[in-house]
Structures are given as C-alpha cells and as structure tokens.
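Geometric and topological summary
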Amino acid sequence: MTDLEKELRAALRPVEPEDGFAERVRARIDRESRRAPRRTPPSLLWVPAALAASLLLGLVTVYERELAHERQGLEARRELIEALRVTGAKLDLAYRGVSDASHPPKAADTGA
Amino acid sequence: MSHSPRIPLLALLALAALGAGPVRAADGQLALPDFASLDAKASQTVNVTLDASLIGMAARFLDPNKPEDAAVRKVINGLQGIYVRSYTFDSDFAYPQAEVDRLRRQLTAPGWQRLVQVHDARKHNDVDIYMCVEQTRVKGLAIIASEPREFTIVNLVGSVDLAQLHDLEGRFGIPKLQMQDQK
C-alpha cells in the first residue's frame, strides 16, 4: 500500500454524523418546503397568461390589418380596371365619331 | 438695408400668387366638381378616385405573369392619379350643361391641348380629348363625353401613353378601339 493510498483511506474513512444531524436535516427540509410556495406570489402566476394573451392579440391585430390592407388593394384594383374600362369606352366613342366623320355613310353618296 | 429681408418674402408671395392659378392645369389634374346633384339623379354612377398611393396598392394586386395584368401595369406605370366620374340617366339630357361648360373652361388653361373633338349632332354625342403637355412631356389626359343619357369625365394624371391604353383593348371589358383603321 502506497503512501498516497494510505492518505486517501484516512481522508475518506467513514465518520459518524454528529448527534441530531438527521433531525436538523429533516427540519431544514420542512422549513424550505413550507417557505417555497411563498416565493411566487399568486398574482405573478397571471404574467405568462397575460403575455400569451397579449401575443395572441398582437397576432390577431396584425392579421386583421393585413386582411384590411388586402381588401383595400383588391378594391383599388377593381376601381382601376373599372376606370380603364370607362376610359376605353369613351376613347372608342371618340374614335368611332372620327371614323364616322371621315367615312360618311354610303347612302349619302348614292343619294346625291 | 432695412428692407432687404422683405425682398425674399415678397418674391415668394409673388411666385406663389403666379403659381396658384395654373398649378392644377399644369400638373394635369382637373378640379372636379362635387356633382352631388348628379349622384341623386343618375340611375348608374361610376366614381373612381385613385391617387398615387392607391394606384401603387392596386398595382401590387396585378399579377405580372398574366398578360392582361402586365398590360395594365404598363399603363399605370407613369400615372399619379386616376379620376373618373360617369353618370347614366333614365331620361335624356338630365345633367346640367353648366357643369359641363365649367369643366371645359378648365381645359382652356395653358398646358392643355385638345387632341380630338367629336360632335355628332345626329346622335347628340360630344367627346373631347385633351392632353396636358409640358415641354413634350405628357402630364395628363382628360376626356369629357356627353351623350343624351350619359355624362363622363376621365382624368388621368401623369405620363399617359395612348398606345399602351390601346394594348388593353378587348381585355377587362375594354372595347376594341379602331386605332389601326385610322392609320
């Protein structure tokens, strides 16, 4: 047996606890377990729920805004197409008028 | 020396006074009347007011992969405003001629040039097409069309290309124009 082994055995030899050690440990566990619930006030239990609700509300608001934006965009698109349709119709009316003026009906020619 | 600070102010006021009149005409935008009386009388109304932001918003809902939508994108590319008022009536000449004349007077302002004037006495149709041009740059288009039962004003503000409008013919219910026949 080397010196190092002897030293280790001496340092790690079984030692009996002092009197009352087990009682003191049990008492401390009881004390800690009684004190633990008091560390988190009941009011703070609502914080995660409130945060989740806020997040959900935020998501719903963003979604609603996106939906309104899309509705507005589609309405603008519809109005744009309608405006171009009216513009095309009136340009057509003008061109037909010009065409009629430059090509009078044949009936007028034959009647002369 | 004591009068010198006033000079810039007076110059600014003078410039503002000079600019106040022709600004709307020069930028190609007409001051459209309220037409509340026509709204009440008309059996059908089209009222479109799209400023630059709404045109941009509409453009985002045009699919560049669809040929129709791509053609519309080209037309609106240089536009800053689209204003259309169209009223259809159940009886002939239900709209006040004074309103039409007041609008036509706006188009006598500098910058506006009449491109087409069609007067069809037989059908009682009058169509005038005006363009607002500034140094060869087109800044707006105005169409005033009065028919017995319909009165329409179209005002496109910005760079308008009639050829691109022509590309839209036959799409979205836009009638086929006869521009090719005119050539």
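My aim in this report is to walk through the structure given alongside it, one point at a time. Quick caveat: nothing in here was measured; it's all calculated off a predicted structure.

Below, the discussion takes up the overall build of chain A. Scanning chain A from terminus to terminus reveals four helices and zero strands. Going from the N terminus to the C terminus, chain A shows its helices and strands as α-α-α-α. Here chain A displays about 9200 Å² of accessible surface, and carbon together with sulfur accounts for 61% of that area.

This next bit is on unusual backbone geometry. All names here are of chain B. A positive phi angle, near 60 degrees, is found at His124, a position not held by glycine. Looking at the element boundaries, His124 is found in the loop between strand S3 (112–120) and strand S4 (125–134). In this structure His124 comes out as partly exposed when scored by relative accessible area, which is 43%. Despite not being glycine, Gln135 shows a phi value in the positive range, around 50 degrees. Relative to the assigned elements, Gln135 resides in the loop between S4 and strand S5 (137–147).

Glancing now at the environment of Leu141 of chain B. Residues and elements named next belong to chain B. When you line up the elements, Leu141 lands in strand S5. For the pair formed by Leu141 and Val160, sequence separation is 19 residues and the distance between their alpha carbons is 6.8 Å. Once you skip the residues sitting within four places of it in the chain, Leu141 turns out to touch Trp112, Ile129, Tyr130, Met131, Val154, Asn155, Leu156, Val160 and Leu162.

Remark: helix H3 (residues 46–102) of chain A packs on helix H5 (residues 67–76) of chain B, axes separated minimally by 12 Å, with the N-to-C direction vectors making an angle of 80 degrees. With respect to H5 of chain B, the element H3 of chain A is oriented roughly perpendicular. Residue-level inspection shows Arg77, Leu80, Ile81 and Leu84 of chain A of H3 of chain A in contact with H5 of chain B, the latter providing Asp69, Val72, Val75 and Ile76 of chain B. Tallied by class, the residues present in the contact of H3 of chain A with H5 of chain B amount to six nonpolar, no polar and two charged.

For helix H4 (residues 52–59) of chain B, every residue scored as buried is listed here: Ile55, Met57, Ala58 and Ala59 of chain B. Residues of H4 of chain B that are buried in the fold lie against H3 of chain A together with strand S1 (44–51), H5 and strand S2 (79–88) of chain B.

All names here are of chain A. Together, Arg28, Arg31, Arg34 and Arg35 give the surface a local cluster of positive charge. The topology assignment puts Arg31 in helix H2 (residues 21–39). Judged by its relative accessible area of 43%, Arg31 is partly exposed.

Our next topic: the pairing of S3 of chain B. Residues and elements named next belong to chain B. The pairing of S3 with S4 spans eight bridges and is antiparallel. Considered in S4, the bridge of Trp112 is made with Cys132. Linking S3 back to S4 in an antiparallel pair, the connection comprises four residues, with His124 at a positive phi of about 60 degrees.

Of the residues lining the interface, 29 residues belong to chain A; the matching set on chain B comes to 43 residues. In this assembly, chain A and chain B are joined by three salt bridges. Its salt-bridge partner being Asp69 of chain B, residue Arg77 of chain A comes within 3.1 Å of it at the nearest N-O pair. Split into classes, the residues belonging to the side of chain A that touches chain B amount to 13 nonpolar, seven polar and nine charged.

Criteria and thresholds
- Residues numbered from 1 in each chain as written.
- Chains lettered and ligands numbered in written order.
- Predicted model: local features only at pLDDT ≥ 70, side-chain atom pairs only at ≥ 80, totals over all residues.
- Heavy atoms only, no water.
- Helix = DSSP H or I, 4+ residues; strand = E, 2+ residues; numbered from the N terminus.
- Areas by Shrake-Rupley, 256 points an atom, 1.4 Å probe, with all protein chains shown as cover.
- Buried < 20%, exposed > 50% of the residue type's maximum accessible area, 1.4 Å probe, protein only.
- Contact = heavy atoms within 4.5 Å.
- Axes fitted to C-alpha atoms, helices over the stretch in contact; angles between N-to-C directions.
- Parallel < 35°, antiparallel > 145°, perpendicular 65-115°, else oblique.
- Nonpolar A, V, L, I, M, F, W, Y, C, P; charged D, E, K, R; others polar.
- Patch = residues over 30% accessible without salt bridge, like charges linked within 9 Å, V, L, I, M, F, W, Y side chains within 5 Å.
- Salt bridge = Lys/Arg side-chain N within 4 Å of Asp/Glu carboxyl O.
- Lys, Arg positive; Asp, Glu negative; His and termini not counted.
- Charge placed at Lys NZ, Arg CZ, Asp CG, Glu CD.
- Pairing = 2+ DSSP bridges.

In short, the description is geometric, and any link to function would need to be established separately.
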